[in-house]
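Each chain, letter by letter, is given below.
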Amino acid sequence: MTANRHGFGILAAVLLLSSCHMRRHGEDVRTCTVQDMLGREVVLPGKIERIAGLRPGALRLLAYMGVTDRVVGIEQVEKGGDDRPYMRAYPELLKLPLIGPRGGDAELIVNTHPDVIFMTYASAADADAMQSKTGIPVVALLYPEMGTDIEQLYASLALIGKILRREARADSLTAYIRRTISELHERTACIDAAGKPSAYIGGIAHGRARSITSTHPDYPPFIFVNAENVAGRMDRRHTSSLAGAYVDTEQLLLWNPDVIFVDESGLALAAEDLKPGGLLSGLAAVQTNRVYALPAYNSYAANFEIALVDSWFIGKILYPEAFADVTAEEKADEIMKTFLGKSVFREMLSPHSFQPVTPPHPE
């Protein structure tokens, strides 16, 4: 399944980049026709100076591409994005006009006069409808699972780069992500399975904070460092990246992972789950103080740069010898600067980040 999806991403990138051509419509207007990530043909103006991003992750991708100076408005849901590095890196986005709730409002979007709208998590019908309501070209992007469909991310970045004439940026960011994942893999690929501690990630947010039983069977950092993810044994037919994956408390007890990581978005709920005397207090990771908090992976879709930051820290916890020469904090600064042009890593850290979780004592 993964190979097919990757193949699609590569093929899509070739098709969408080769389909763009200039043609004259009337006397003085030049346009460009591109094929978006859903296969729709979209006619764009030859010069694009004003843009908008709709739905989860769209604004994040534009920030990665270094084009926030062209963004003309933001969705209401972006106002509370303190755990989104791009909002920390570009606080000026908060001063922009609102273009509606999640998914946008056609009238408010029109009032900001974007030349093109980028939209994620959309069907062709969704994109066509917004384009019809606004009269503004809508380009559909894919916002994939980083651990299993990353080629789609590269293709979406390449499409943005082609449209906004930022091809070099798309190429350099893609190359950096590839190198980083490759290095993580090389450091851990040859570690004998018998020497790997089992691991679990809990508290993964899906729309709101979740408890320790909210997990991710394809958690990207675990994939990148070849971790033994106990949740990877789940039946995938009953899980999805959008709805989330949940385990029974009894199942978590049966798995009894050696190390537990907790997404900070659900830290308070997870700590309550693990408190002394509770049903999960007997887990091996709790008993050996090997429960660690990680900066939020999901916040209005996945924080891809945080996934890479967390990967280095997880690697050092699970395989200290393989990562003995690495300072996770320095890697985090490097990753943030590469993705966003500046490091906001240290200002985003909470007192709990990358620290052992101390469950509250029962009253």
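Residues numbered from 1 in each chain as written. Predicted model: local features only at pLDDT ≥ 70, side-chain atom pairs only at ≥ 80, totals over all residues. Heavy atoms only, no water.

Trainee: Is there a simple way to think about the sheet that holds strand S6 (residues 138–140) in this case?
Mentor: The pairing of strands in a sheet happens through backbone hydrogen bonds and is either parallel or antiparallel. Taken in spatial order, the 3 strands make up an open sheet running S4-S5-S6, and their pairing is parallel. Among the strands making up the open sheet, the edge pair consists of strand S4 (51–54) and S6. Along the sheet, successive strands turn relative to each other by an average axial angle of 25°, direction set aside. Two strands pair when backbone bridges link them, and strand S5 (residues 116–119) and S6 are joined in this way by 3 bridges, in the parallel orientation. When the bridges of S6 are listed, Met119 appears paired with Ala140. Its contacts with the sheet put helix H5 (residues 124–134) on S4, S5 and S6, and the angle it makes with S5 is roughly 155°. (Pairing = 2+ DSSP bridges. Helix = DSSP H or I, 4+ residues; strand = E, 2+ residues; numbered from the N terminus. Axes fitted to C-alpha atoms, helices over the stretch in contact; angles between N-to-C directions. Contact = heavy atoms within 4.5 Å.)

Trainee: Sorry, what's going on with empty space enclosed by the protein here?
Mentor: Unoccupied space between atoms shows up once a probe the size of one water molecule is rolled over them. A full pass over the atoms with the stated rule returns 1 cavity of 30 Å³ or more. In this structure, the largest cavity occupies an estimated 40 Å³ of space. As for the largest cavity, its lining consists of Val309, Phe313, Ala328, Glu329, Ala332, Phe345 and Phe354. Here the lining of the largest cavity takes 3 residues from helix H13 (residues 328–340), the largest share from any one element. Broken down by class, the residue content of the lining of the largest cavity amounts to 6 nonpolar, no polar and 1 charged. (1 Å grid on protein atoms, 1.4 Å probe; cavity = no way out; pocket = protein on both sides within 12 Å on 5 of 7 lines; lining within 4 Å. Points joined across faces, edges and corners; volume = space filled by probe spheres on them. Nonpolar A, V, L, I, M, F, W, Y, C, P; charged D, E, K, R; others polar.)

Trainee: Honestly, the sheet that holds strand S7 (residues 198–202) in this entry has me stumped. Any pointers?
Mentor: The 4 strands lie next to each other as S9-S7-S11-S12, forming an open sheet whose pairing is parallel. At either margin of the open sheet sits one strand with a lone partner, and together these are strand S9 (228–229) and strand S12 (291–294). Across 2 bridges, the pairing between S7 and S9 is parallel. Bridge pairing in S9 links Ser198 to Glu228. The strands that helix H12 (residues 304–318) touches are S7, strand S11 (259–263) and S12; relative to S11, the one it contacts most, it runs at about 160°.

Trainee: For this particular structure, what's the right way to read the packing of aromatic side chains?
Mentor: Ring pairs (aromatic) are described by centroid distance and by the angle formed between their planes. One pass over the structure, following the stated rule, counts 10 aromatic pairs. Centroid distance Tyr200 to Trp255: 6.4 Å. Interplanar angle 45°. Geometry classified as tilted. Placement of Tyr200 in strand S7 and of Trp255 in helix H9 (residues 249–255) is noted, with a sequence separation of 55 residues between them. Assigned by exposure class, Tyr200 and Trp255 land together as buried. Aromatic side chains Tyr219 and Phe222 sit 5.0 Å apart centroid to centroid with 85° between the ring planes, which places their arrangement in the edge-to-face category. By relative accessible area, which is 0% here, Tyr219 ends up buried. The class for Phe222 is buried, based on a relative accessible area of 2%. One aromatic cluster is present, formed by Tyr219, Phe222, Phe261, Tyr292, Tyr297 and Phe313 through successive ring pairs. Here the basic side chain of Arg187 rests over the ring of Phe323, its NZ or CZ set 5.4 Å away from the ring centre. (Phe/Tyr/Trp six-rings, centres within 6.5 Å; stacked < 30°, edge-to-face > 60°. Buried < 20%, exposed > 50% of the residue type's maximum accessible area, 1.4 Å probe, protein only. Lys NZ or Arg CZ within 6 Å of the ring centre and 35° of its normal.)

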